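Structural overview for review
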Amino acid sequence: MERSDPILKIEHLVVETTGRRPATILNGISLEIGNGETVCLVGESGSGKSVTSLATIGLLPKSALAARQGRILLEGEDLLTAGSSRLKELRATRMSMIFQEPMTALNPVLTVGRQIEEVLQAHSSLGAQEQRRRVLDMMEHVHLPDVERIYRSYPHQLSGGQRQRIMIAMALILRPKLLIADEPTTALDVTTQKQILKLIRELQDALGTSVLFITHDMGVVADIADRVCVMHHGSIVEEGSTDEILRTPRQDYTRDLLTSVPALMPREPRAEKSGEAILEIIGLGKIYSARSLFRPRQDTVAADQVNLVLRRGRTLGIVGESGSGKSTVARCAMRLIEPTSGSIRIGGEEISHLPRRALHPYRKRIQMIFQDPNRSLNPRLKVGESITEGPINYGVPRPNAVARAKELLELVGLPVDAIDRHPHQFSGGQRQRIAIARALAMEPDVLVADEAVSALDVSVQAQVLDLLDDIQERLGVAILFITHDLRVAAQICDDVAVMQKGRVVEYGPAEHVLRHPQQDYTRELLDAAPGKDWDFPNFRPLSSADLPAESFKR
Amino acid sequence: MATSVERRVEPVIRRRILPVVEVRGLGFASILAGICLLVIVLTGIFAPLIAPYDPIQMNPAVRLKPASDTFLLGTDAYGRDLFSRIVYGARISLTVGIGAAIISVAIGLPLGLLAGFFRILDAILMRIMDGLMAIPSILLAIAVVSLAGAGLWTVLVAITIPEIPRVVRLVRSVVLTAREEPYVEAAIAVGSSLPKIMWRHLMPNTLAPLIVQATYICASAILIEAILSFLGAGIGTETPSWGNIMSEGRVYFQLKPSLIFWPGLVLSICILSINLLGDAARDLLDPRLKQRGGLK
Amino acid sequence: MPPRIRYSTGLPVPTTDGIGHSNFEKQEPAMFGYFLRRVLAAVPVMAVVALFVFLLLRLTPGDPAAIIAGDMATPQQLEKIRTALGLHEPIHIQFLTWVQRLMNGDFGVSLLSNKPVTTLIAQRLEPTISLAILTIILTILISVPMGVLAAWRHGSWIDNIVMSASVLGFSIPVFVTGYILIQIFALNLGFVPVQGFTSISKGIGPFLERAILPALTLSSIYIALIARMTRAAMLDVLGEDYVRTARAKGLDEKAVLFRHALRNAAVPILTVIGTGFALMISGVVVTESVFNIPGLGRLTVDAILARDYPVIQGLILFTSGIYVLINLLIDLSYAFLDPRIRY
């Protein structure tokens, strides 16, 4: 690809922490973005990709980070040496940025119209009427409905996707040359993500903007990038066109990243073991009602008529977008919240309405692994204390519980001496292993994993999924696996239930649901999965033969 | 897929992050505050050895003498040595300060824990606490003292009552935040009993903010005791407390300002030291709060 | 996550149960509901205050009548008071009668002057209110800019000075501050009279001449409190994503600080202005007695010296009522500051 003058050129950028012992965060990175080009900066957490973007727009937190060497050239002008008033002029006019969390990125006490208008106020001398007209115009451009109403709305009155559209409108209203997008779709549901990616593409084509797109998701990379820079520990380890990177990665790290991405295709079905039904959820309903003296009662149906069966040694996945009720079902099954109706049976015993004391013996049979391993372990307790807490509650003598904890730590792939350490001494993936050991210490029949790998980097995610698989193989435990990620579900589940608005819309063997979906919603979900055309671990696009025909007809 | 769990075990990146005690961050001011407070505490304990004169015995022959070799800071209107009275005054202030801190935490901690956990109790308890907090603490203390009569215990009770709601609110808010933590849910899931969850998983979260709060209560109690004595609603006038000394000095303010100046200075240094130590404790125990700098 | 200290309000923290609804049509009822809920929430608070004051007298060891009547009372007087207080009735009847009287504006009669407590309070109201208003104005004018500046230049010498000044403000007792100010500005420099009070009706100049020192004295703690809170709230808000967004838009710092940050920090700052009011009432008692101002504070001190319990009781009920009222108004103002409460 022939590139004339790059819009953005970063040369040997070094960013260090401030303080007496500076640590290097960016280790001399260089990259270029040509006119109208989209460059994806991809890497796992801590690779320095967000720092690169903040350094470019000049918003590094002054008290913590500082650019020490190198140049950042925006159309030939060095941003690192530019004064702060010059940087202010350039922002929104020549370069803009959108962020990950559209909820927190908008000021909650100002109307969104006002917030877009501010950009015009700061950088132009248009009259109030003209400003307003331009803002409404831009809001039309990002396909917001009913712009007059939304103009007067506050951020909390809009959906996540609408808020991100507002952010994009704000960023592009002055037609900057460069748009920096820092994980702009990570906090959104897949279907919304797809729309936002499409919108960015569309505006980019219309306005000729160059995009620096930061993401951790190879699927998004496959969908949006022209070129890719792979970052690892503050360096760019590999750079190339999207095709080059995905088909012929040269570096081991890139290969590792790609092979860790779970395939969207369901795994080979396992031999149907006619295990007993260990967990049965029958007609489960959960209604949250917000009572208020002066308002009509507002009922939110979180789960409605949910029927699921989990057999010994099998994995049942519940997939769905946020607010679909998948976590509600899991937490009802755990009796962490009280179901409104329906029944929950463990090994045939009804537990849905047992009082605390009567529930006690059943608690140990169903255990949970939480999403955020940083918060699911009490930071003040030693790992051993956390693991043995449960068994001791059920009368296991302490020495036996400790001995068992050591065995379990080995089983989950951690050194035995971990037992005397505190959670903060471990990485996220290791903590999730500890959480798994804690759950296993109860010798449960059912493991409930609520988004248990969602907070982990993709390479760590793959290891934890392997571990769960391995444990199931050895111990025959049944797993109820809650996830928003169809790839993960395809990887680990025997059966899949798709939930939408509190209801199970499709339920069956993974092979059927993911390969031959019957319901529109399931198809929509599959269709929205980023990078669906790629078979990442095998470095090739999916041939049409691999594609589940029905779902991808467009 | 292979079952090799050890395929690629992540390195232990994070070393143990001790609550890094930055001596530099602790600062010169906190060290000085610590020394000042230590001196005041030792003075209080060894008052009989330090004070050259009886702080109560009146001696009309030497009324309102200026500072001299015999009377280090001069004498008051009844001919009592000002220095000796200030030395003894440390006892009262420290007793009230430490006493109020201990009692209010001892009562507030369990109430706050319960309120954070039981909704119905919470509703009732917090209404009571809101009510108590609506009464200006000086007026509340004045009312108690004027009903029950002057005395160390009365003053202690009068000062502690308005502090209790602050402790309860603090503990409750910490518990309400902590009980949402997944590790508390995990404890429920492994069948831990309610008392165990409170003691093992919730209570430890309250300790750091409580220690900080206790130092502020201590400072505030010393201040209120002085104000009560100054207004004539404190410990009986025969007891040498800093507030009493100043109260008696008011009449002679234009004639002999040192009667207010010296006890006022010592009182201010004492409260300042405790507040500074409270800030230092907050920075040490909870670095995240450092930047917030919220007193009370 | 380390525990977050919530802003302690005397009244319940504003509920955010309006968040998440996109009901554009339901604006008015939601706002009205919020107002009504806040007003109703003030009722139990006042009830607890009343119950506390009532029980304080009844539960103190000794004969309530003797406390009310003072040391010089004859047995006949005591008996008369017992009947008047209804001390022969069961305690809940006593409470109800007492509350009924309060509702009718009957706060009892002073032992010292034999005048109704309400009359005494009304007579002393003006100096205290004018002093309080002057103090609040001074406080906000000084402390909010201090706090904003300190947060903006977090870690700099400005921040250090503001923080040190605020610790000092907390630590130096009001009367010590008062006497220091008198010594310097009245006695040494002779700028203003030493003590006393001139009504604002006699002109703003003469009023300020006498009121400025007491107002400064009184605001010392208040300024310390609010500057600290402003700084803390601003630091919180300045770390928020939308402040980063505002900067990424190329807004200048003034707009970032005031339009984006301070508006969001306003709720906790106002909350502390409200709860700090209790602190000020305590300060009033001391300041008025240092500066010899004939307001409610002097009334309190006179009542202490005479052990005039009915007056003290009346003052508690009155000031608590004002406190609840002010905090109620502040609560209601949240609705205008934060659209999440409004909708």
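Since we're looking at a predicted model, the values are computed, not measured.

How each quantity is defined
- Residues numbered from 1 in each chain as written.
- Chains lettered and ligands numbered in written order.
- Predicted model: local features only at pLDDT ≥ 70, side-chain atom pairs only at ≥ 80, totals over all residues.
- Heavy atoms only, no water.
- Helix = DSSP H or I, 4+ residues; strand = E, 2+ residues; numbered from the N terminus.
- Rg over C-alpha atoms; globule rule 2.2 N^0.38 Å.
- Buried < 20%, exposed > 50% of the residue type's maximum accessible area, 1.4 Å probe, protein only.
- Contact = heavy atoms within 4.5 Å.
- Areas by Shrake-Rupley, 256 points an atom, 1.4 Å probe, with all protein chains shown as cover.
- Lys, Arg positive; Asp, Glu negative; His and termini not counted.
- Charge placed at Lys NZ, Arg CZ, Asp CG, Glu CD.
- Expected span 1.5 Å × (residues − 1).
- Polar contact = N/O pair within 3.5 Å; in protein donor to acceptor, adjacent residues only side chain to side chain.
- Salt bridge = Lys/Arg side-chain N within 4 Å of Asp/Glu carboxyl O.
- Domains from an automatic or database assignment.
- Buried area = accessible area lost by both parts, 1.4 Å probe.
- Pairing = 2+ DSSP bridges.
- Axes fitted to C-alpha atoms, helices over the stretch in contact; angles between N-to-C directions.
- Disulfide = S-S within 2.5 Å.
- Patch = residues over 30% accessible without salt bridge, like charges linked within 9 Å, V, L, I, M, F, W, Y side chains within 5 Å.
- UniProt positions renumbered as here; feature names shortened; annotations may be inferred.
- Parallel < 35°, antiparallel > 145°, perpendicular 65-115°, else oblique.
- Left-handed = near helix turned anticlockwise from the far one by under 90°.
- Nonpolar A, V, L, I, M, F, W, Y, C, P; charged D, E, K, R; others polar.
- Phe/Tyr/Trp six-rings, centres within 6.5 Å; stacked < 30°, edge-to-face > 60°.
- Lys NZ or Arg CZ within 6 Å of the ring centre and 35° of its normal.

Scanning chain A from N- to C-terminus turns up 20 helices and 22 strands. Compactness check: chain A gives a C-alpha radius of gyration of 25 Å against a globular reference of 24 Å for 554 residues, within 12% of the reference. Counting across all 554 residues of chain A, residues that qualify as buried make up 58%. Counted over contacts in chain A with a minimum sequence separation of 6, partners at least 24 positions apart contribute 69%. By element, 46% of the accessible surface of chain A is carried by carbon and sulfur atoms, the whole surface being about 21,900 Å². If the 68 positive side-chain charges of chain A are averaged to one point and the 71 negative ones to another, these points end up 6 Å apart.

Quick look at the overall build of chain B now. Assigned secondary structure in chain B consists of 11 helices and zero strands. Of the regular secondary structure in chain B, the N- to C-terminal order runs α-α-α-α-α-α-α-α-α-α-α. Counting all 296 residues of chain B, 58% fall into the buried class. Restricting the contact set of chain B to residue pairs at least 6 apart, pairs at least 24 apart contribute 70%. Of the roughly 12,400 Å² that chain B leaves accessible, carbon and sulfur atoms contribute 69%.

Residues and elements named next belong to chain B. Of note, Leu265 is situated in helix H10 (residues 258-285). Owing to a relative accessible area of 33%, Leu265 belongs among the partly exposed residues under this scheme. For the pair Leu265 and Ser229, spaced 36 residues apart in the sequence, the C-alpha separation amounts to 16 Å.

Once that is clear, we can look at helix H6 (residues 157-171) of chain C. Between its first and last C-alpha atoms H6 of chain C spans 21 Å; for 15 residues at 1.5 Å apiece the expected length is 21 Å, and the two agree. Along H6 of chain C, the residues that are buried comprise Ile158, Asp159, Val162, Met163, Ser166, Val167, Gly169, Phe170 and Ser171 of chain C. The elements touched by buried residues of H6 of chain C are helix H8 (194-231) and H10 of chain B together with helix H5 (117-152) and helix H8 (204-238) of chain C. Two or three places before Ile158 of chain C, at the opening of H6 of chain C, Ser156 of chain C has a side-chain oxygen 3.3 Å from that residue's backbone nitrogen.

In total, this model carries 55 salt bridges over all chains according to the counting rule given. Measuring nitrogen to oxygen at the nearest pair gives 2.3 Å for the salt bridge that ties Arg331 of chain A to Glu185 of chain B. On the criterion of chain membership, the pair formed by Arg331 of chain A in helix H11 (residues 326-333) and Glu185 of chain B in helix H7 (residues 182-189) is interchain, its members lying in two chains. Within this structure, Lys9, Glu11, Glu32 and Arg71 of chain A form a network of salt bridges that share partners.

Below, the discussion takes up the domain arrangement of chain A. Looking at the assigned domains, one finds that chain A contains domain 1 (8-260), domain 2 (277-365 + 445-528) and domain 3 (377-443). For domain 1 of chain A versus domain 3 of chain A, the distance between C-alpha centres works out to 41 Å.

Many analyses report the size of an interface as the accessible area lost when the parts associate. Contact residues are listed per partner, giving 60 residues for chain B and 63 residues for chain C. Across the chain B/chain C interface, buried area totals approximately 5,500 Å², and carbon plus sulfur atoms make up 69% of it. Inspection of the region where chain B meets chain C yields one salt bridge. Seen at the junction of chain B and chain C, the total is four residue pairs in polar contact (both at pLDDT 80 or more). Of all the elements in the fold, those that place two or more residues in the side of chain B that touches chain C are helix H4 (119-134), helix H5 (137-148), helix H6 (152-178), H8, H10 and helix H11 (287-290) of chain B.

Residues and elements named next belong to chain A. With mixed pairing, six strands are arranged side by side in an open sheet as S16-S17-S18-S13-S19-S20. In this open sheet, the two strands that pair with only one neighbour each are strand S16 (366-369) and strand S20 (503-509). Averaged over all pairs of adjacent strands, the angle between strand axes in this sheet comes to 15°, irrespective of strand direction. The pairing of S16 with strand S17 (residues 446-450) spans four bridges and is classified as parallel. Paired with Met368 across the two strands is Val448, which belongs to S17. Packing against the sheet, helix H19 (residues 520-528) makes contact with strand S19 (495-500) and S20, and its axis sits at approximately 100° to S19.

Okay, the sheet that holds strand S11 (residues 277-290) of chain A next. Residues and elements named next belong to chain A. Ordered by their spatial adjacency, four strands build an open sheet running S12-S11-S14-S15, and the pairing between neighbours is antiparallel. In the strand order of this sheet, the two ends are held by strand S12 (298-311) and strand S15 (349-350), each with one partner. Here two bridges tie strand S14 (residues 341-346) to S15, and the two strands are oriented antiparallel to one another. From the neighbouring strand, Arg345 faces S15, where its bridge partner is Glu350. Across the sheet, H11 lies against S11, S12 and S14, angled at about 115° from S11, the strand it touches most.

All names here are of chain A. Across eight bridges, the pairing between strand S1 (residues 8-17) and strand S4 (residues 65-74) is antiparallel. From the neighbouring strand, Glu11 faces S4, where its bridge partner is Arg71. Judged from the two bridges that link them, S4 and strand S5 (residues 77-78) form a sheet pairing that is antiparallel. Across the sheet, residue Leu73 finds its bridge partner in S5, namely Asp78. Joining the antiparallel neighbours S4 and S5 is a turn of two residues, in which Glu75 adopts a positive phi near 50°.

Bringing the state of the cysteines into the picture now. Residues and elements named next belong to chain A. Inspection of every chain in the model, using the stated rule, returns zero disulfides over all chains. Residue Cys229 stays outside any disulfide, its sulfur separated by 9.2 Å from that of Cys40, the closest cysteine. Left without a disulfide partner, Cys332 is nearest to the cysteine sulfur of Cys493, which lies 20 Å away. Here Cys332 falls in the buried class, since its relative accessible area comes to 0%.

Below, the discussion takes up a nonpolar patch on the surface. Residues and elements named next belong to chain B. Where nonpolar side chains cluster on the molecular surface, the patch consists of Leu38, Leu42, Ile45, Phe46, Leu49 and Ile50 and spans about 590 Å² of accessible area. Those elements that place two or more of their residues in the nonpolar patch are helix H1 (23-45) and helix H2 (47-50). If one sorts the elements of the nonpolar patch by residue count, H1 sits on top with three residues. Judged by relative accessible area, Leu38 falls into the exposed class, the value being 52%.

So, on to the UniProt feature "transmembrane region" (unreviewed entry) in chain B. Residue and element names in this part refer to chain B. Following the UniProt record, the feature "transmembrane region" (unreviewed entry) maps to residues 25-50, 92-118, 138-162, 211-235 and 259-278 here. Here residues 92-118 is 96% helix and 0% strand, with 39 Å between the C-alpha atoms at its ends. Across residues 259-278 one finds 100% helix and 0% strand; the C-alpha atoms that close the span lie 29 Å apart.

In this section: the packing of H5 of chain B against H6 of chain B. Residues and elements named next belong to chain B. Running from amino to carboxyl end, H5 crosses H6 at an angle of 150°, the nearest separation of the two axes being 9 Å. Here H6 runs roughly antiparallel to H5, going by the angle between their axes. For the pair H5 and H6, the sense of crossing is right-handed. Contacts between H5 and H6 pair Ser137, Leu140, Ala141, Val144, Val145 and Ala148 from the former with Thr154, Val155, Ala158, Ile161 and Pro162 from the latter. Its residues assigned to classes, the contact of H5 with H6 comprises nine nonpolar, two polar and no charged.

Moving on to helix H9 (residues 242-249) of chain B. At 3.6 residues per turn, the α-helix brings residues three or four places apart onto the same side. Counted residue by residue, H9 of chain B has six buried out of eight residues, so it is predominantly covered. Here H9 of chain B has its buried residues at Trp242, Gly243, Asn244, Ile245, Met246 and Gly249 of chain B.

On to the side chain of Ser104 of chain B. All names here are of chain B. With respect to the element layout, Ser104 can be found in helix H3 (residues 82-117). Looking at Ser104, the relative accessible area reads 0%, which means it is buried. Within the structure, Ser104 has its side chain in polar contact with the backbone oxygen of Ala100 (distance 2.7 Å).

Taken as a whole, this structure holds 12 aromatic pairs over all chains when the rule is applied. Between Phe54 of chain C and Trp98 of chain C, the ring centres sit 5.5 Å apart and the planes meet at 45°, which makes this aromatic pair tilted. Pair noted here: Phe54 of chain C is in helix H1 (residues 27-59) and Trp98 of chain C is in helix H4 (residues 91-103), with a separation of 44 residues, a long-range link. Residue Phe54 of chain C shares its accessibility class with Trp98 of chain C, and that shared class is buried. Both rings, one in Phe197 of chain C and one in Phe207 of chain C, keep their centres 6.2 Å apart while their planes meet at 85°; by these two values the pair is edge-to-face. Note that Phe197 of chain C is positioned in the loop between helix H7 (174-188) and H8 and Phe207 of chain C in helix H8, a separation of 10 residues in sequence. Every member of this aromatic cluster is reached through a ring pair, and the members are Phe230 of chain B together with Phe175 and Tyr179 of chain C. Arg250 of chain B extends its terminal NZ or CZ atom over the ring of Phe230 of chain B, reaching a point 4.7 Å from the ring centre. Taking the ring centre of Trp152 of chain C as reference, the NZ or CZ of Arg153 of chain C above it sits at 4.0 Å.

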